[in-house]
Amino acid sequence: MSILKGKTFAHITLGCKVNLYDTQAMVEILKNHSCKVVDFDDKADIYIINTCTVTNLGDKKSRQALRKAVKTNPEAVVVACGCYSQIDPNAVKKIEGVSILIGTQDRMRIAEFIIRYLEGREQKDFVSNISNQKEFEDLSISTMDKRARVYIKIQEGCDRYCAYCIIPYVRGPVRSRMPENVISEAKRLSMSGCKEIVLTGIHIASYGKDIKDTNLVDILHKLHDIDGIERIRFGSVDPHAVTEELLETMGNLPKLCDHIHLSLQSGCDKTLKAMNRRYNTAEYSATVEKLRAIMPDCGITTDVIVGFPGESEEDFNESLNFAKLIGFSGIHVFPYSPKTGTKAAAMENQIPSQIKNLRAKQMGELGLDMAQDFTKKFENTKLKVLFEQKIGNNIYEGHSSNYITFRQESTIDIENCILETTASYIKEGCLYGKNLKLN
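Below: a short report on this structure. (Residues numbered from 1 in each chain as written. Predicted model: local features only at pLDDT ≥ 70, side-chain atom pairs only at ≥ 80, totals over all residues. Heavy atoms only, no water.)

## So, the environment of P173
With respect to the helices and strands, the residue P173 is situated in the loop between helix 6 (167–171) and strand 8 (175–176). By relative accessible area, which is 26% here, P173 ends up partly exposed. Distance in space between the C-alpha atoms of P173 and D125 is 22 Å, their sequence separation being 48 residues. The contact partners of P173, leaving out residues within four places of it in the chain, are I130, S131, Q133, E156, G157 and C158. (Helix = DSSP H or I, 4+ residues; strand = E, 2+ residues; numbered from the N terminus. Buried < 20%, exposed > 50% of the residue type's maximum accessible area, 1.4 Å probe, protein only. Contact = heavy atoms within 4.5 Å.)

Spelled out as structure tokens, the structure:
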């Protein structure tokens, strides 16, 4: 019998969707050892803090979460895992009360590591050299808290080395998950009631680069054949990933959502070059044109960094105008944040915070206006919506295939259902429906 049986554990995830997936996999491992989940604010026997280091602020938030766990229960087993533990284990070790360190590898062994700690009650450091990793750590899940849409991790690591990004150093080289394991997980999730899957990874365009006879297009075709999975999305890609083969696939497979998160980061060629982004605005614009040719109603969302070192007012305005030209359905805006250890952090001409914040406000307001314009195009039209959760008295919320947020009143439980409804009006950036068609 496992000494973990009956113990309570709490968890918190900082950072990206990949981290959320990794946490869920660890949660399932501990549940399989008969541990019980409690809220992170509650007193628990074990705390798992899946840390983030994408910015210095991410480091700070990770430290705060670790200290909160220790304060809530000084006798608990406090596990620091993930990117911050990987990049700076010495700093994590100095936080009083941290019991176990795991980096971005060996999360599958979390139960073993906790048992080993409990046997000796001495701080354990299990952080490995991530640069030597050659194989995908096959973490897996069988369900998610919200069944309607779930993430499937297909890839780990990155070899792009963008000037502002620490991730290649903390996630290691590109490793792809074996196709049969991706398919097996998708089938399990389908049987648990999942309707939509989102493929995620650190750089999913690299999927298959390290293994033979597969790539992103191949895995999309295989997933498309799974009964019960009605929608497929994939995470962020850059323009070079949108090949003719992928475009043809997007046009031919009806389960693929007409939405893509096409990473931009800047609409200024000078800034893109300084970022080491490996494409220019002309290439980006051509990719968008091709996408809209095969999917006219396609939602195109993106990320934009403002205030990158050396970005002049002219450069920023060029980026702003390029975003206007593209007409995104949504923009995630980030004021540049220096990250220790990256090339950009050591660059001259760092932009003052007040200027970065002003530019973020301008770009953010543009993004909201474009999202409103995109959403407005679908007023008084019929859309199929996956209703993901109930948010109020008989009000359900979900998303269309092109990722418009949709709300619908219904006295019948429609959570986890894909239903056709008519968009009636916009409120707070959401479409509200009428004439719901029940299957």
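## Looking at the sheet that holds strand 8
What links the strands of a sheet is backbone hydrogen bonding, and the strands pair in either a parallel or an antiparallel sense. If you walk across this open sheet you meet the four strands as 8-7-9-10, and the pairing is mixed. The two strands at the open ends of the sheet, each matched to only one other strand, are strand 8 and strand 10 (231–234). Bridge analysis of strand 9 (residues 196–201) against strand 10 gives four bridges, and the strand direction is parallel. Bridged to E196 within strand 10 is R231. Strands strand 7 (149–156) and strand 9 of the sheet are contacted by helix 1 (residues 17–32), whose axis makes an angle of about 100° with strand 7. (Pairing = 2+ DSSP bridges. Axes fitted to C-alpha atoms, helices over the stretch in contact; angles between N-to-C directions.)

## Focus: helix 13 (residues 353–376)
If you check helix 13, its first and last C-alpha atoms are 34 Å apart, about what 24 residues at 1.5 Å a residue would give, namely 34 Å. Those residues of helix 13 lying buried are K356, R359, A360, M363, L366, G367, M370, F374 and T375. The inward-facing, buried residues of helix 13 abut strand 12 (299–306), helix 12 (313–326), strand 13 (330–335), strand 17 (417–427) and strand 18 (430–437). (Expected span 1.5 Å × (residues − 1).)

## Some thoughts on a nonpolar patch on the surface
On the surface, I87, Y161 and Y169 cluster together into a nonpolar patch covering about 280 Å² of accessible area. With respect to the helices and strands, Y169 occurs in helix 6. (Patch = residues over 30% accessible without salt bridge, like charges linked within 9 Å, V, L, I, M, F, W, Y side chains within 5 Å. Areas by Shrake-Rupley, 256 points an atom, 1.4 Å probe, with all protein chains shown as cover. Salt bridge = Lys/Arg side-chain N within 4 Å of Asp/Glu carboxyl O.)

## So, helix 5 (residues 110–120)
When helix 5 is considered as a whole, its buried residues turn out to be I110, A111, F113, I114, Y117 and L118. For helix 5, the angular spread of buried residues about the axis comes to 160°, placing them on one side. Buried-residue contacts for helix 5 involve helix 1, strand 3 (46–51), strand 4 (77–82), strand 5 (100–101) and strand 6 (124–125). R121, located one to two residues past helix 5, shows a positive phi value of around 55°. (Arc of directions from axis to C-beta.)

## Considering the nonpolar core
In terms of nonpolar packing, the biggest core is built from 57 residues, with I197, L199 and L223 touching the most fellow members. When residues no more than four places from it in sequence are discounted, the contact partners of L199 are I152, I154, I204, L216, I219, L220, L223, R233, F234 and G235. Judged by nonpolar contacts, the second largest core, of 21 residues, contains I46, V77, I114 and Y117. (Core = buried A, V, L, I, M, F, W, Y, C linked by side-chain atoms within 4.5 Å.)

## A look at the sheet that holds strand 15 (residues 395–400)
Read around the closed barrel, five strands run 14-15-16-18-17, paired in mixed fashion. Put simply, the sheet's adjacent strands are angled 50° from each other on average, direction ignored. Note: strand 15 against strand 16 (residues 405–409), five bridges, orientation antiparallel. Note on strand 16: the bridge partner recorded for G398 is F406.

## Digging into the side chain of T200
Take T200: it is sitting in strand 9. On the basis of relative accessible area, T200 is assigned to the buried category, the value being 7%. Those residues in contact with T200, other than ones at most four positions away along the chain, are K17, V18, Y151, I152, K153, I154 and Q155.

## A closer look at the pattern of salt bridges
Proximity of charged atoms lets side chains of opposite charge pair with each other. For the coordinates displayed, the defined rule picks out 29 salt bridges. In this structure, E137 and R107 form a salt bridge, with 2.9 Å as the shortest nitrogen-oxygen distance. Of this pair, E137 sits in the loop between strand 6 and strand 7 while R107 sits in the loop between strand 5 and helix 5, and the two are 30 residues apart along the sequence. One salt bridge connects K361 with E365, and the closest N-O pair in it is separated by 2.7 Å. With a gap of four residues between them, K361 and E365 both fall in helix 13, about one helical turn apart. On the accessibility criterion, K361 (52% relative accessible area) is exposed. Residue E365 is classed as partly exposed on the basis of its relative accessible area of 40%. A single network of salt bridges, built from pairs that share partners, joins D22, R107, E137, K153, E156 and R171.

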